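# Results of the structural survey
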Amino acid sequence: MSDPNPPEQPSFNQPAGSDPTTPIPSSQPASPGPAAPGAPGAAGAPVGGSTPPPPPPVAPTGGPSGMSSIPDPTREGAGFFTALFDFSFTNFVTPILVRFVYLLATVALVASWLIFVFAGFANSVGTGLAALILGPIFVIIYLAVIRMTLEFYLSVVRMSEDIHQRLPQA
């Protein structure tokens, strides 16, 4: 007949030859795979079943200075006309104007290219094709130079704003 007390078979969670009622030492994993984060028994998680509250959300920063790399329109100070007619130069007009100037430069370069293409085709087909093919290259080069110049001006203004925010007010 069958034995009422069959011999114990080692489980995957217990080392071979150990008593199943004794806890597994912490140096050995409790299961074949890693425990899910926050699950009871996972590293750093409480075993009592309750999980700790998640940490508060942290606002993203743009680097060690803590300034965001994305421009904030509300931080740009007063309106355009207030900044334009501020004779004490406490409000900068450059962050407001730089987008508008870049848009105007883009429109002016594309319009100039189209005029050169039409004038080239009016003169001869060869000149029109040259303007049609080579024109975008010059537009991109000029647009890159204008963009770099505007970014330089804007970075100087932002450095000045950052310095004024960090210095103690006298």
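Note that this is a predicted model, so its numbers are computed, not measured.

With that settled, consider the overall build of the protein chain. Looking only at helices and strands, the protein chain has 3 helices and 0 strands in total. The N-to-C order of helical and strand elements in the protein chain reads α-α-α. The buried share of the protein chain, taken over its 170 residues, is 14%. Taking the contacts inside the protein chain whose residues are at least 6 apart along the sequence as the reference set, 36% of them involve residues at least 24 apart.

This prediction gives the protein chain a mean pLDDT of 74; 54% of its residues lie at or above 70. This model gives residues 59-77 a pLDDT under 50, and the stretch forms 17 contacts once residues within four places in sequence are excluded.

Here we take up the pattern of salt bridges. Overall, the coordinates contain 2 salt bridges when judged by the stated rule. Arg147 serves as the salt-bridge partner of Glu151, at 2.7 Å between the closest nitrogen and oxygen. Of this pair, Glu151 and Arg147 both sit in helix α3 (residues 125-166), separated by 4 residues, roughly a single helical turn.

Okay, the environment of Pro136 next. Mapped onto the elements of the fold, Pro136 is located in helix α3. When its relative accessible area of 29% is taken as the criterion, Pro136 is described as partly exposed.

Another point: the environment of Ala131. For Ala131, the position within the fold is in helix α3. Relative accessible area serves as the criterion here: at 17%, Ala131 is assigned to the buried category. Setting aside residues up to four positions removed in sequence, Ala131 forms contacts with Trp113, Phe116, Val117 and Pro136.

Viewed as axis vectors pointing N to C, helix α2 (residues 94-123) and α3 meet at an angle of 170 degrees, and their least axial separation amounts to 9 Å. The orientation of α2 relative to α3 falls into the category roughly antiparallel. Per-class residue counts for the contact of α2 with α3 are 23 nonpolar, 7 polar and 2 charged.

What counts, and at which threshold
Residues numbered from 1 in each chain as written. Predicted model: local features only at pLDDT ≥ 70, side-chain atom pairs only at ≥ 80, totals over all residues. Heavy atoms only, no water. Helix = DSSP H or I, 4+ residues; strand = E, 2+ residues; numbered from the N terminus. Buried < 20%, exposed > 50% of the residue type's maximum accessible area, 1.4 Å probe, protein only. Contact = heavy atoms within 4.5 Å. pLDDT = per-residue confidence, 0-100. Salt bridge = Lys/Arg side-chain N within 4 Å of Asp/Glu carboxyl O. Axes fitted to C-alpha atoms, helices over the stretch in contact; angles between N-to-C directions. Parallel < 35°, antiparallel > 145°, perpendicular 65-115°, else oblique. Nonpolar A, V, L, I, M, F, W, Y, C, P; charged D, E, K, R; others polar.

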